[in-house]
Amino acid sequence: MPERRARPPLSPKKHAWRRPAAPPAGPPASAAAPEAPAAPAEVQAAEHRSVVQAALYRDGRRVSTPVTLAETFRQLREQRDGMAWIGLHRPTEAELFSLADEFDLHPLSIEDALEAHQRPKLERYGDTLFVVLRAARYLDAAEEVDFGELHVFVGPDFLITVRHGAAPDLSGVRRRMEEAPELLALGPEAVLYAILDAVVDGYLPVVQGVQVDIDEIETEVFRGDPEVSRRIYELSREMVEFQRATRPLVGMLHGLMAGFAKYGTDEELQRYLRDVADHVTHTSERVDGFRQALTEILTVNATLVTQQQNAEMRALAEAGFEQNEEIKKISSWAAILFAPTLVGTIYGMNFDTMPELTWAFGYPFAIVLMAVVCVSLYVIFKRRDWL
């Protein structure tokens, strides 16, 4: 574990480039009234909302609980052998700039902490380690996975957590470490490994919840639920995010383990980290299995949907065929009955000049003609299987 360095008092001009540019000079005071400065109490209240908890530790035990960052900085300067653990939730730019000035944080890490939406990674800037983690939690009511982002700055005598999102809840980590002062006395690296362990342990309920969802989806697929496709796609999207959160952790932890000898990591912490690495590997494999299972379920669902559509189309075709056969029969009988109607209509016009009206064989001829036409049509339709 690297030795803790003693920080000299900060120069007013140090890291001045990190601070926001001063606004351009306005009109004289006589021309425009100056803005009223914010009250110190209001500034402290705004800062207190971002600072979830800040504490100073010595030999693994808490010695003070500052309320503001300024007070934390002052007390840490007074206690050279102490360690500061600062927890922030969605801090402002001014707060991050003050942390950068106080602890000499690299501007790239501050930029990442400001923008958020980073992938898990591990960067070392001098004697400061910058870690980005993606935490996850399973929401039972909505049956979905909620992801949070955590940025951790680890230095020789400080650890800063910047949390974006509801997960993870680090209060349990702090309580656990304070209950084990011999572990907390190992320094900021011990806190980092405890945070890694908490984030990875938080994946377990997510894995269990997703497994239940997949079991339910399988049942819905074979039951023919029309909404199951949407649920498969939504869960697949969440698994992509979950995979992006867990897969880089494997390489990150192996990178930390590779630096055990170089940075003189305590043996207890080495065992601790190896256990976390095992859990991450297991979780990553489970997530990969979930993605594969969802892909196969989606294929099965598409096959079942296609079969159902084919069955429906076949049923429609059969119904159309039967309907067409009925139309043929109706049309055939209509044509057969139309023949005598036509003959009777012609000879029922009662014109005086129709020669057949005075013919002795006119009536028998009309009857025979009707019969011949009807029988001929019946034979034709029968041969064509219309009747």
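Small disclaimer: the values here were computed from a predicted structure and weren't measured. (Residues numbered from 1 in each chain as written. Predicted model: local features only at pLDDT ≥ 70, side-chain atom pairs only at ≥ 80, totals over all residues. Heavy atoms only, no water.)

Side chains of Phe338, Leu342, Ile346, Met349 and Phe351 sit close together on the surface and give an oily, nonpolar patch of about 490 Å² of accessible area. Here phenylalanine 338 lies in helix H11 (residues 267–346). (Patch = residues over 30% accessible without salt bridge, like charges linked within 9 Å, V, L, I, M, F, W, Y side chains within 5 Å. Areas by Shrake-Rupley, 256 points an atom, 1.4 Å probe, with all protein chains shown as cover. Salt bridge = Lys/Arg side-chain N within 4 Å of Asp/Glu carboxyl O. Helix = DSSP H or I, 4+ residues; strand = E, 2+ residues; numbered from the N terminus.)

Okay, helix H7 (residues 188–201) next. For H7, spanning 14 residues, the distance from its first C-alpha to its last is 20 Å, which sits close to the expected 20 Å at 1.5 Å a residue. For H7, the tally of buried residues reaches twelve of 14 residues, placing the bulk of the element in the interior. All of the buried residues in H7 are Pro188, Glu189, Ala190, Val191, Leu192, Tyr193, Ala194, Ile195, Leu196, Asp197, Val199 and Val200. (Expected span 1.5 Å × (residues − 1). Buried < 20%, exposed > 50% of the residue type's maximum accessible area, 1.4 Å probe, protein only.)

Okay, the pairing of strand S6 (residues 144–154) next. The element S6 is extensively covered by neighbouring structure, given that nine of its eleven residues are classed as buried. By the bridge criterion, eleven bridges tie strand S5 (residues 128–139) to S6 in an arrangement that is antiparallel. Within S6, the position partnered with tyrosine 138 by the bridge is valine 145. Pairing analysis gives six bridges linking S6 to strand S7 (residues 158–164), with the strands arranged antiparallel. Residue pairing across strands places glutamate 149 opposite histidine 164, the latter belonging to S7. (Pairing = 2+ DSSP bridges.)

With that out of the way, let us pick up the side chain of histidine 164. On the secondary structure map, histidine 164 appears in strand S7. Looking at histidine 164, the relative accessible area reads 14%, which means it is buried. From its side chain, histidine 164 meets the backbone oxygen of alanine 113 in a polar contact 3.0 Å long. (Polar contact = N/O pair within 3.5 Å; in protein donor to acceptor, adjacent residues only side chain to side chain.)

One key point about sheets: their strands pair by backbone hydrogen bonds, in either a parallel or an antiparallel sense. Taking strand neighbours across the sheet as the criterion, the seven strands line up as S2-S1-S3-S7-S6-S5-S4 in an open arrangement whose pairing is mixed. What marks the edges here is a single partner per strand, and that holds for strand S2 (61–64) and strand S4 (121–125). Along the sheet, successive strands turn relative to each other by an average axial angle of 25°, direction set aside. In this fold helix H2 (residues 69–78) packs onto strand S1 (51–58), S2 and strand S3 (83–89), with an angle of close to 170° to the strand it touches most, S3. (Axes fitted to C-alpha atoms, helices over the stretch in contact; angles between N-to-C directions. Contact = heavy atoms within 4.5 Å.)

Moving on, we get to the pairing of S3. Here is the key point about a regular strand: its side chains alternate between the two faces of the sheet. Most of S3 sits inside the fold, with six of its seven residues counted as buried. When S1 meets S3, the two strands line up antiparallel, connected through six bridges. Within S3, the residue paired with alanine 54 across the bridge is isoleucine 86.

Before going further, it helps to spend a moment on the nonpolar core. Note that soluble globular proteins tend to have their nonpolar side chains buried in a common cluster. Of all hydrophobic cores here, the largest spans 61 residues; its most connected members are Leu133, Met177, Leu192, Ile195, Leu196 and Phe242. Counting residues per element, this core draws most heavily on helix H9 (residues 228–258), which supplies eleven residues. Here leucine 196 is in contact with Leu133, Leu253, Leu256, Leu273 and Val276, once residues within four sequence places are set aside. (Core = buried A, V, L, I, M, F, W, Y, C linked by side-chain atoms within 4.5 Å.)

This part takes up the environment of isoleucine 232. Structurally, the position occupied by isoleucine 232 is in helix H9. Given the relative accessible area of 0%, isoleucine 232 is considered buried. Along the primary structure isoleucine 232 and asparagine 301 are separated by 69 residues, whereas in three dimensions their C-alpha atoms are 9.5 Å apart. Beyond its immediate stretch of four places on either side in the chain, isoleucine 232 contacts Ile217, Val221, Leu294, Ile297, Leu298 and Asn301.

Locating serine 64 in the fold gives a position in strand S2. With relative accessibility at 16%, the residue serine 64 sits in the buried group. Here glutamine 75 takes part through its side chain, which lies 2.5 Å from a polar atom of the side chain of serine 64. Contacts of serine 64, omitting those with residues within four sequence positions, involve Ala55, Leu56 and Gln75.

Moving on, we get to the environment of glutamate 268. Position of glutamate 268 relative to the elements: it lies in helix H11. The spatial distance from the C-alpha of glutamate 268 to the C-alpha of leucine 186 is 9.3 Å, given a sequence separation of 82 residues.

An α-helix turns once every 3.6 residues. As a result, residues three or four positions apart point the same way. A rise of 1.5 Å per residue sets the reference length of helix H8 (residues 203–223), with its 21 residues, at 30 Å; its end C-alpha atoms lie 30 Å apart and thus fit the reference within 8%. Taken together, the buried positions of H8 are Tyr203, Val206, Val207, Gly209, Val210, Asp213, Ile214, Ile217, Glu220 and Val221. Buried residues of H8 fall within an arc of 160° about the axis and therefore sit on the same side. The outward face of H8, more than 90 degrees from its buried face, is lined by the exposed residues Leu204, Phe222 and Arg223. Looking at the buried positions of H8, the neighbouring elements they touch are S5, S6, H7, H9 and H11. Just downstream of H8, glycine 224 is the residue with a positive phi angle, here 80°. (Arc of directions from axis to C-beta.)

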